[in-house]
Amino acid sequence: MMSVDPFTSPGRWLVVTGSGAQHLLDSRDLDGPVTVTRVSGGGQPGPDLRFADLRRDGAALRVLAVEHRDPEWGLVAGIAVGADMYLTLEPLAVDATVTVRRTTPVRTITACPDAVRLTGEQVHHD
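Values in this document were obtained by computation on a predicted structure and should not be read as measured data.

Caption draft 1: Fine view of the nonpolar core. Grouped together as the largest cluster of nonpolar side chains are 16 residues, with contacts concentrated most on I79 and M85. Residue assignment for this core shows that the elements contributing at least two residues are strand 2 (12-17), strand 4 (34-39), strand 5 (61-70), strand 8 (84-89) and strand 9 (99-111). In contact with I79, other than residues within four places in its own chain, are M2, S3, V4, P6, V15, L25, V66, H68, M85, V106 and I109.

Caption draft 2: A look at a nonpolar patch on the surface. A cluster of nonpolar residues, L64, V98 and V100, forms a patch on the protein surface that exposes about 230 Å² of accessible area. One can find V98 in the loop between strand 8 and strand 9. Overall, V98 belongs to the partly exposed group, its relative accessible area being 36%.

Caption draft 3: Seen up close, the pattern of salt bridges. Here the structure, examined in full by the defined rule, presents 3 salt bridges. Between R12 and D26 there is a salt bridge, with the nearest N and O atoms lying 3.8 Å from each other. With a gap of 14 residues between them, R12 in strand 2 and D26 in strand 3 (residues 22-26) connect regions that are remote in the sequence. The residues R12 and D26 share a single accessibility class, namely buried.

Caption draft 4: Structural context of the pairing of strand 5. Here strand 4 runs beside strand 5; their pairing, made up of 3 bridges, is antiparallel. Within strand 5, the residue paired with V34 across the bridge is V63. Where strand 5 folds back onto strand 6 (residues 74-77) in an antiparallel hairpin, the turn is made up of 3 residues.

Caption draft 5: Representation of the pairing of strand 8. Taken across its 6 residues, strand 8 has 6 buried, putting it largely inside the fold. Both faces of strand 8 are covered, namely the face carrying D84, Y86 and T88 and the face carrying M85, L87 and L89. Sheet analysis places strand 5 next to strand 8, joined by 5 bridges and oriented antiparallel. When the bridges of strand 8 are listed, E67 appears paired with Y86. Relative to strand 9, strand 8 runs antiparallel, the two sharing 5 bridges.

Conventions adopted
- Residues numbered from 1 in each chain as written.
- Predicted model: local features only at pLDDT ≥ 70, side-chain atom pairs only at ≥ 80, totals over all residues.
- Heavy atoms only, no water.
- Core = buried A, V, L, I, M, F, W, Y, C linked by side-chain atoms within 4.5 Å.
- Buried < 20%, exposed > 50% of the residue type's maximum accessible area, 1.4 Å probe, protein only.
- Helix = DSSP H or I, 4+ residues; strand = E, 2+ residues; numbered from the N terminus.
- Contact = heavy atoms within 4.5 Å.
- Patch = residues over 30% accessible without salt bridge, like charges linked within 9 Å, V, L, I, M, F, W, Y side chains within 5 Å.
- Areas by Shrake-Rupley, 256 points an atom, 1.4 Å probe, with all protein chains shown as cover.
- Salt bridge = Lys/Arg side-chain N within 4 Å of Asp/Glu carboxyl O.
- Pairing = 2+ DSSP bridges.

So, in structure tokens, the structure goes:
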């Protein structure tokens, strides 16, 4: 099973989930925060799944933790193909301490060159 932990492996990854959502995780700046930008356009949702719009889609959000559930170990650091991704984010509401998002199962994790960019709600490969 492919997995990556953006907190220990600097880079950029495009993560596509079962609902068709795309998440661009960026941890290239070792002195800066890990960020995630969620956009639509990742493909068709899987059976019995649908894409939902979420608060601040298209904006780079600071990631405090990223985890997935391992059948033997429970929640572990990183993202894994086939497992739901759990993102602990900066607070997205004024009265929140953090925001936690759980995705549908991750379909793919792709290392991204700097040429990948976001415009509006699409990911473009230059």
